[in-house]
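Summary of structural features
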Amino acid sequence: MRISTTKLAIGCSLLAVLAASPAAFAAKSVLEIAIPAELSGSGATVGVLWRDGVMMGIEDANAKGGIRGHKLHGTAYDTQTNPAVSRAVIQKALDGKPFAVLGPVYSGSVIVDEALTQKAGITEIMGGEAGNLTSQGDPTLFRTSLGQAQTIPPIISYLKDKVHAKSVGASYVNDDFGKAGNVLFLADAKKAGLNVTTDISSEAGQVTFQPDLLKMQAAKTDAVFLYDHEEEVARFLKGFRQMGMKAAIVGGSTVADAQAIKLSQGAADGAVSFAGIGSSSPIPAIQSFVKRFEAKYKTHPDHNAIKGYMAVAMLQAAADKEGKADAKGLAAALHGLMITPDKYPLIMTPMKVLANGDIDNGGYLIQVKGGKAVVLNYVGPK
Amino acid sequence: MNQPHRVLPLALVLLLVAGLAGSVLKPYPIYLISLWAVYTISAIGLNLTLGFAGQISLAQASFVGFGAYATALLLPHGVPFGFTLVIGAAISFILGVLLGFPALRVQGHYLAFVTLALATIAFLVFRNESWLTHGTAGIDKIARPIPFTSDVAYMWLCLAALAVVTLGVWWLLRSPWGRAFLALRENPVRAASLGVDVRTYTLLAFAIGAGLGGVSGALFAPLGQYIEPSEFALPLSFSLLLMVVVGGSGSFLGPFLGAMVSVALPEVLRSFQDYYLLIYGVIVILLLVFSPDGIVGIIARGVARLRPTDAPVEPKP
Amino acid sequence: MSVVLEARDLHRHFGGVKAVNGVSFAVEEGEILGVIGPNGSGKSTLFNCLLGQIPPSTGQVLLDGKDVTGMKPIELNRRGVSRTFQLLQVFPQLSSRENLILAGQEHIGSRMKRLFGRPDAGLSAAADRMLEQFKLSHVAALPAGGLSYGQQKLLDAAMAFMAGPRLVLLDEPAGGVNLSLLGSFRERLRAMNAQGGSTFVVIEHNMDFVMSLCTRVMCIAEGKVIANGKPDDVRNDPTVIEAYLGH
Amino acid sequence: MMSLFVQVLISGLAIGAIYALIATGFSLLSQGSQTVNFAQGDFVVVPAFVMLAANSYGLPIWASFIVALVVAALVLGVLFKRLMVDPILPHGAMQLSIATMALSIVLQNGMLNAGGAQAFPFPGINGGLHFGNIFIDWQSVSILLAAVVAVTALNLFMGRTRIGRAIQASAQGPQVARLLGINVARMVLITFVLNAALVTLAALLVSPIYLVKFDNGIGIGLAAFSAAIIGGFNQVRGAVVGGLLLGVVQNFAATFGPTQYRDAVPMLLLIIFILFRPQGLLGRAEERRV
Amino acid sequence: MATDTNSPVLMMEGVVGGYGRMTILNGLSFSVARATITTIIGPNGAGKSTAFKAIFGLLNLSAGRIILEGKDVRGFSPAALIGEGVCYVPQGRNIFPELSVHDNLELGGVALGTTKAMRSRVEEALDRFPILRQKARAQASTLSGGQQKLLEIARGLIARPKLMLIDEPSIGLSPLMVKDVFATLQRLRDQGVSILMVEQNARSALEISDNGIVLETGRTRLVGTAQSILNDPRIAKLFLGAEVDLETPASP
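As the structure is a computational prediction, the values presented were derived from the model and not from experiment.

Turning to the overall build of chain C, a few remarks are in order. Helix and strand counts for chain C come out as 10 helices and 10 strands. Whereas a compact globule of 247 residues would reach a radius of gyration of roughly 18 Å, chain C reaches 18 Å, a difference of no more than 12%. Based on the C-alpha atoms only, the size of chain C along its principal axes is roughly 55 × 40 × 35 Å. Taken across its 247 residues, chain C has 56% of its residues classed as buried. Contacts in chain C between residues far apart in sequence, at least 24 positions, make up 68% of those at least 6 positions apart. Put simply, chain C shows about 9,700 Å² of open surface, and 53% of that area lies on carbon and sulfur atoms. A distance of 6 Å separates the average location of the 25 positive side-chain charges in chain C from that of its 24 negative side-chain charges.

Shown next, in the form of C-alpha cells:
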C-alpha cells in the first residue's frame, strides 16, 4: 500500500498542531494550582476547609482577572492524612508542572512534600503551624499563619505578667500539632520560670476527658495551658466548667476559635489565646469572608480556610513583584514581601513575609467573653 | 491460579513491565510503582500468614514499622542499607515469632483481636518513645542508598527486592514447607497426625510473614524519605489485609493484584475524588459477596470459561 | 513375633461417665486387629487414648515396649504410628500425589534440609507407587477435593502408609464406601499389611468388612473388653450378641 | 484523694455503661449469627448523624431519636443483614469480619462526604451536683440510668417474652430451635434490629459528651470490642460487666498512669483476657470435643 | 397384644431419600399404630435416624408418601409438623443450656403461638415431672443427663403431640436413668401418645414396646410385635453382619 507523501505530511502537521495546541493554550492562559490537602482521615477537619478556602480564593482572584491576566485553576489532591500518600500526590501534582503548591496542613505531610517542591523549584505555601517546619532552610516553603514559635511566647508572657501564674498544668493532643506545641511551651515556660506541674497527653478522638479533668483538678494549678483540636478543646472546657474549676485557661489559637466556642456551649468563656488571624479576628474583610464562605459551603470557616484563601493573595503579590507569572522566580519574590489589602484584597490584613518562609500578619491576644472572641491586645506585623 | 510454579513467570514479567514502564514515565507513576512494590512485599508476607497458613494478623503494619525505623535510625550511623534491611527484617522476624505464640493458643477472631491490640501498642511505642523514634515529629531526610538515589534507580531497587522476595516465596511454597503451611490452614489436626509440627510451622508462618513486613518497611523509609508513627498504625494493617483479600487470599498472585488495586484505584477513580475510599470499600464488600477468592478468583473463572474443560470429575457426595 | 502395641488397664472418665473402663490388650507384629462394639461402647475414646488425642485417666500405653502414655499425636507419628480419621480428612486443595507427599515428607531429613532440598522431598516415586497400589494413578494430579467419596477414602488410607509406619490405626475405613468398592479396598489393605509388615488396628461398624479383613477381633462394650479372638468366635460369642442387642 | 477516687469511679462507670450498650449489641450479633462486626463503632455514629439531621429539621430530640431508631433498624439492622451478612457468611465468618472492616471505611467516608469533617454539638443535659469535693454531672447520671433501664429491659425481653426466649434458643442451639418450629432466620434478624436499637441509644447518650464526628467510631468501636471480649464473647450479660470494668479501668489508668499510654490499657486487658481467660469474665468455656 | 386396631397414626410408603447424592432410605415403608410404642432397630447405617429426619421434614425425599392421620405431610416444615401433632426428640443433648428449665419447656410451644394456654401446659408438664418442678428456675445445663432427657421429652409434650419421635434416648445415660426414661415413655403411651423410637439397646427397648421394626440398608426387613422380634434369634446375627434370611418366618 502506497501512501502519498503529501498526505503523510499533512497528517503529521495536523497531529503536531493537535498535540501542541492544548499545551500552548494551557501554558499561556491558565495557571495550575496544586492543592494537596487532608481530605480524608483524621486531618479531614482541617484539610477540607483549607481546600475550600483556596478554591474560594482562586474563584475570587479569577473574578478580578486572576494573576497578571492568567486565570487560575486549582486541583485538589487527597493526602489521606498520610505522609506516604502525600508524597505520592505531590509527585503527581509536580508532574503536572504547577505554578505553585498550596498545602498541605499536617506537618508530616508538609515535610515529605517540601523536599520535593524544593527540588522542583516550585513554591509551596502550606497551612502547617508546627515550629520545626520553617527551620529546615527550604527557600521555597512558606507559611500562611504564625508558627508556634511566634504564638507561644506571647502566651507565656500573658501567664507571667497578667495572670501571675506560678504553676501551670498542660493538656495537649499527642499528635504532630499538639506535641510540637507542647514541647515549645515546656521549653519556653521553663525559661520564663513558670512551673509546669502537670503535663497530660490526650488522644485525638478519645472518648472521655474525665480522667484528664480530674487529674487537672487534683493538680490545683493557677492556670491551664490547653493545646488541642477545636472539638477536644470544647469538650475539655465543658467538663472543666461543669466541675467548677477556676484556674485560668490559656492556649493555642484553637481555644478561642469559633468552632470551639460554638461546641463548648459557653464553657469557653474566659479562655485566653494568642492567635494569628482567624475567623473571629475583628477585621471587616475577614468577617465578610466568613459570611460569604458560610453561604457558599454551609459550614463555618476556621483559620485554615482563611489561611488557604490568603495563600492565593500571596501568589498574586509575588507574581506582581516578579513582573510575570513564572513559577521559577516566585519563591524569591515572596521573601521579604509586604502584602497589603488595599492592593490585594484577598490578603484581608497586612502580611509580611519573613526571610525563612515564616510570615507575620499580626496576632491577637483574645479572650472569649459571652460566647464571642474579644481582642485584648493586637500585635501588628513588625 | 493457585500453583506458584505456573504463575511465577507471570509475576516476574509483571515486574519487568512495571519497571520498563516506570523508566519512561514521570516521577509520579515511578513513585506509585515503587510504592506498589513495597506494599506487595508486605502483602506477600501477610498472605503467607493469612492465606497459606490460615492465621489472621492485624499487626502487619507494625512489622513494616519495625523495618522502617530500623533503617531510618541506623542509616545515619553509617550502617549500609543492605545491613539495615537485614536487621529490620530480623527484628520483625523475631517479633513475628513472639506474635505467633498467641496464635498457638487462640484462633480466628480472637487472634484478630490479639494482633490488633499488639499493633495498637506498637504504634504507641513508636509515638511515645521519642528518645528513640523522634515521636510525632517523625524522621526526616532519610537517605537513599548509593547508587539508588534517583527515583528511577530506587524504583528498580524496590522491584529487584520484590523479585527476590517473589522467587524466595515461590521457592518456599513449592518446598515441603509450603505444603505444610497449606496443611496447617486446611486441617491442623490431620496435619499433626501426619507428623507436621503445627507449633513450629505456625510460628514460622508468622515469622516469615513478619520478616517480609520488615523488608517492606526497610524499603519504605528511604522511598518517602520521611516516616512518622501514624503511618504504621492500624489503618495500614487493615489496608494490607484488604489488599490480600481483594487480590485473592491464599493465591500466589493475589498480593500483586491487591496492592495494585489499592495503589492505582485513586488514579482510576480520579473523577470521584471525594468518594474513592468509599468506592474502594464498596468494591471490597462486593468482591467478598460475589468472589470471595478475590480478583484472582475472577480471573481464574474467566480463564476456565475460555478454556475447554478437562474431563469432569465426580463431585464428592 | 513381638508385641507392637500394648494397652495396660486403660481408664478414661468424663465426669462420672466411664467411657473406657479398664481395657488391656496387645497387638503383635503383622496382626490386623479389629475393634468392634455398639455405639457409645467407648471405642472412639479408646482410640483417642491410644493416639494421644486425649490422655487416659489411668493406665499405660506401650509402643514396642516403651511407655508412650499421654504422648502427643505428632510424637507418636514420629515413632511410626499413623492413623486415619472417622470422617474423611484429605487436603482438598492439594492433588492426590501432593497429599501423599505431605504424608511422608515430615519423616525425611531435617526441616532445613527439606526447605532447601527437592520440592517433593524425593517422594514422588514413592507417592506414585502408592497411587498405583491404591488404583489412584489416573487421579494423581487432580485436587483431592474433586475425587469421588470412595476415591478420597482410598487416598485417606494410602496417606497412612506413606511414612512406612510400624502401626496403623484405621478409624472406620469402610464408612460411606459403596459396596462395589469395598472388596478391592479390603484387598488393598491386606496387601499393605502383607508387604509392609506393618500392624493394623481397625475400628469398623461394617461387620462383613471387619470380619473378613481382620486376623483377630476384639469387642468392647461399656468401656470393657468383652471378647477377643478369631472373627468367627467373636461373632458367635453370646456376650457379644448380648451387647449388641442391649440389656 | 478519696473524692478523686469516687469521681474516677463514677465517670468510669458512666462511660463504661455506654461501652456496655455497644458491646451488648456486638455480643448479640456474634452469638446470633457469628457476625463479628468491626464497624460496630461506626454503627454508633450513623444514628447520631440521623438524629442531628432530624433535629435540624425542627424535630424535638425525642422524635429525632425515634426517627433514628427506625432508620438504624432498617439500614444497620435489616439491610446490613440482607445485603452483607447473608451473602458473605456462607463464605466464612472471617470473610464477613473483613467485609465489616471495609464497611467501616464506607461508613466513615460516607459520613465525611454527607456530614462534613467538622464535629457537631449534640444536645445533652448540663449541670450537676456537688457533694463536697465530689462533682457528679447529670449527663453521667442520665447515661447510667438509661443504660441500666435499657439493659434491664433487654434482659426482661430476652428472658420473659416468647420472642426473647426464642432468640436465646436460636443462638444457643439453632438446630434444636428449628426442630421446635422456631423461625431461626427471623430471630437472627431481630437480633440485628436489637443491635441497631442499642447503638442508637448509645449514640443518644454518648454524643453530648463525645460530639458527633465522622471518625468517632474508631475509638468507641475498639473500646466496645474489648468490653465484649473481657466480659465474654458468648455472653450478653458479660458485655455489660466487661463494659463497666473497662470504663473504670481505663479511667483509673488515665488518671493515675502515664497518659501517653492510656490507649494501651484496654488493649493489654484484651490480650490478657484472650490469652488466659478467652471465655471472658462471665462466659462459659466452650465445650471442645475431640 | 396391645396393638390398636384403628387406622395407624403414621404410615411411611416407599420413602426414598438421603444426603446429597448418597441415598440412605431405599423405599422405606412401615406404619405406627395409635397409642403404641414402636421401636425401630437395625445395624449401624441402616437409616434409622435418617427415617426420623425424613418424617420431620429435614430431608429431601425423591419418592414416597408420609401419611399422618390420613394426610400426606411429606415436605412439611418442622413448624407445620408440630402443628399437625408430631414432636421430635433427637439424639444427644438438645436443651438450651443457659435457659432455665421452665423457659426450655415454654419453647416447646413456641410454634403454636399461644401464650396464655402455654402457662397452664408448662404447669402440667411440671406436674408430670416433679424432678423438673424442683429445678424449674435452674439453668438447664445444671441438670443431670437423664434429667435433661426428661426435660426434652417434657418439652416435646407441650405441643400436645399425637406422635412422638424419639431417637436413641438411652445414649449416655446410666441404666437406672434409662429405666426412668423408658417408664416415662410407657406412661405417655398409656395416656394415648403414639411413640416411635430408635434404640441401640434393642432388647430393653423392645421389652417396653408394643411393636418392632427391623431396618437394614434403608429398607424394612421385618415388622412384628416387639415380643416376636425379641425372640427371633436371627436378629442378633443381622446385627453382627451375617447374611440372614428374614423372608421365611422364624422357627421359634
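Structure's up, so let's keep going.
To continue, consider the nonpolar core. Ranked by internal contacts, the top residues of the largest apolar core, which has 382 residues, are A:Phe99, A:Met314, B:Tyr39, B:Phe113, B:Phe181, B:Leu219 and B:Ile227. A total of 17 residues in this core trace back to one element, the largest contributor, which is helix 2 (residues 27-52) of chain B. Filtering out sequence-adjacent residues up to four positions away, A:Phe99 remains in contact with A:Leu31, A:Glu32, A:Ile33, A:Ile67, A:Ile122, A:Leu315, A:Ala319, A:Ala325, A:Asp326, A:Ala327 and A:Leu330.

A separate point is the packing of aromatic side chains. What the rule picks out here adds up to 34 aromatic pairs over all chains. Ring geometry for B:Phe113 and D:Phe225: centres 5.2 Å apart, planes at 55°, overall tilted. Placement of B:Phe113 in helix 5 (residues 108-128) and of D:Phe225 in helix 9 (residues 217-231) is noted, with the two residues assigned to different chains. For D:Phe225, a relative accessible area of 5% corresponds to the buried category. These aromatic residues form a ring-pair network of at least three members: B:Phe63, B:Phe66, B:Tyr69, B:Phe126, B:Phe220 and B:Phe232. Of note, B:Arg144 hangs over the ring of B:Tyr154, and the distance from its end group to the ring centre comes to 4.9 Å. Here the basic side chain of C:Arg83 rests over the ring of C:Phe85, its NZ or CZ set 3.9 Å away from the ring centre.

Attention now goes to the side chain of C:Gln152. All names here are of chain C. With respect to the secondary-structure elements, Gln 152 resides in helix 6 (residues 149-161). Residue class for Gln 152 comes out buried when judged on its relative accessible area of 2%. Of the polar contacts made by the side chain of Gln 152, one reaches the backbone oxygen of Leu 147; its length is 3.0 Å.

A few words now on the pattern of salt bridges. Residue and element names in this part refer to chain A. This structure, assessed with the given rule, holds 46 salt bridges over all chains. Among the ionic pairs, Arg 68 bridges to Asp 320, the shortest N-O distance being 3.1 Å. In this pair, Arg 68 sits in the loop between helix 2 (44-63) and strand 2 (71-78) while Asp 320 sits in helix 11 (residues 303-322), placing the two residues 252 residues apart along the sequence. For Arg 68, a relative accessible area of 41% puts it in the partly exposed group.

So, on to the confidence of the model for chain B. Residues and elements named next belong to chain B. Summary statistics for chain B give a mean pLDDT of 90 and a share of 95% for residues scoring 70 or more. The least confident element of chain B, judged by mean pLDDT, is helix 1 (residues 4-24) at 84; the most confident is helix 3 (residues 60-74) at 97. Note that residues 311-317 has pLDDT below 50 and, in this model, 13 contacts with residues that lie over four places away or in other chains.

What follows concerns the interface of chain C and chain B. Contact residues are listed per partner, giving 39 residues for chain C and 32 residues for chain B. Roughly 3,000 Å² of surface becomes buried between chain C and chain B when both sides are summed, with 59% attributable to carbon and sulfur atoms. Remark: the boundary between chain C and chain B carries four salt bridges. The salt bridge involving C:Arg111 is made with B:Asp197; its shortest N-O contact spans 3.6 Å. Across the chain C-chain B interface, the total number found is 14 residue pairs in polar contact (both at pLDDT 80 or more).

In this section: the sheet that holds strand 12 (residues 351-353) of chain A. All names here are of chain A. The antiparallel open sheet is built from three strands, whose spatial order is 11-12-13. Both edges of this open sheet fall to strand 11 (338-339) and strand 13 (359-360), since each of them pairs with a single strand only. Packing of helix 11 onto the sheet brings it into contact with strand 11, strand 12 and strand 13, and relative to strand 12 it is tilted by some 65°.

All names here are of chain C. For helix 7 (residues 179-196), built from 18 residues, the straight-helix expectation of 26 Å at 1.5 Å per residue is met to within 8% by its first-to-last C-alpha distance of 26 Å. For helix 7, the set of buried residues is Leu 182, Phe 185, Arg 188, Leu 189, Met 192 and Asn 193. For helix 7, the arc enclosing every buried residue in end-on projection is 130°, short of the 170-degree limit, so these residues lie on one face. Seen from the buried face of helix 7, the exposed residues on the opposite side, beyond 90 degrees, are Ser 180, Ala 194 and Gln 195. The inward-facing, buried residues of helix 7 abut strand 3 (32-36), helix 5 (124-133), helix 6, strand 7 (167-171), strand 8 (199-203) and helix 8 (207-213). Positioned one or two residues after helix 7, Gly 197 has a phi angle of 65°, which is positive.

About the cut-offs
- Residues numbered from 1 in each chain as written.
- Chains lettered and ligands numbered in written order.
- Predicted model: local features only at pLDDT ≥ 70, side-chain atom pairs only at ≥ 80, totals over all residues.
- Heavy atoms only, no water.
- Helix = DSSP H or I, 4+ residues; strand = E, 2+ residues; numbered from the N terminus.
- Rg over C-alpha atoms; globule rule 2.2 N^0.38 Å.
- Buried < 20%, exposed > 50% of the residue type's maximum accessible area, 1.4 Å probe, protein only.
- Contact = heavy atoms within 4.5 Å.
- Areas by Shrake-Rupley, 256 points an atom, 1.4 Å probe, with all protein chains shown as cover.
- Lys, Arg positive; Asp, Glu negative; His and termini not counted.
- Charge placed at Lys NZ, Arg CZ, Asp CG, Glu CD.
- Core = buried A, V, L, I, M, F, W, Y, C linked by side-chain atoms within 4.5 Å.
- Phe/Tyr/Trp six-rings, centres within 6.5 Å; stacked < 30°, edge-to-face > 60°.
- Lys NZ or Arg CZ within 6 Å of the ring centre and 35° of its normal.
- Polar contact = N/O pair within 3.5 Å; in protein donor to acceptor, adjacent residues only side chain to side chain.
- Salt bridge = Lys/Arg side-chain N within 4 Å of Asp/Glu carboxyl O.
- pLDDT = per-residue confidence, 0-100.
- Buried area = accessible area lost by both parts, 1.4 Å probe.
- Pairing = 2+ DSSP bridges.
- Axes fitted to C-alpha atoms, helices over the stretch in contact; angles between N-to-C directions.
- Expected span 1.5 Å × (residues − 1).
- Arc of directions from axis to C-beta.

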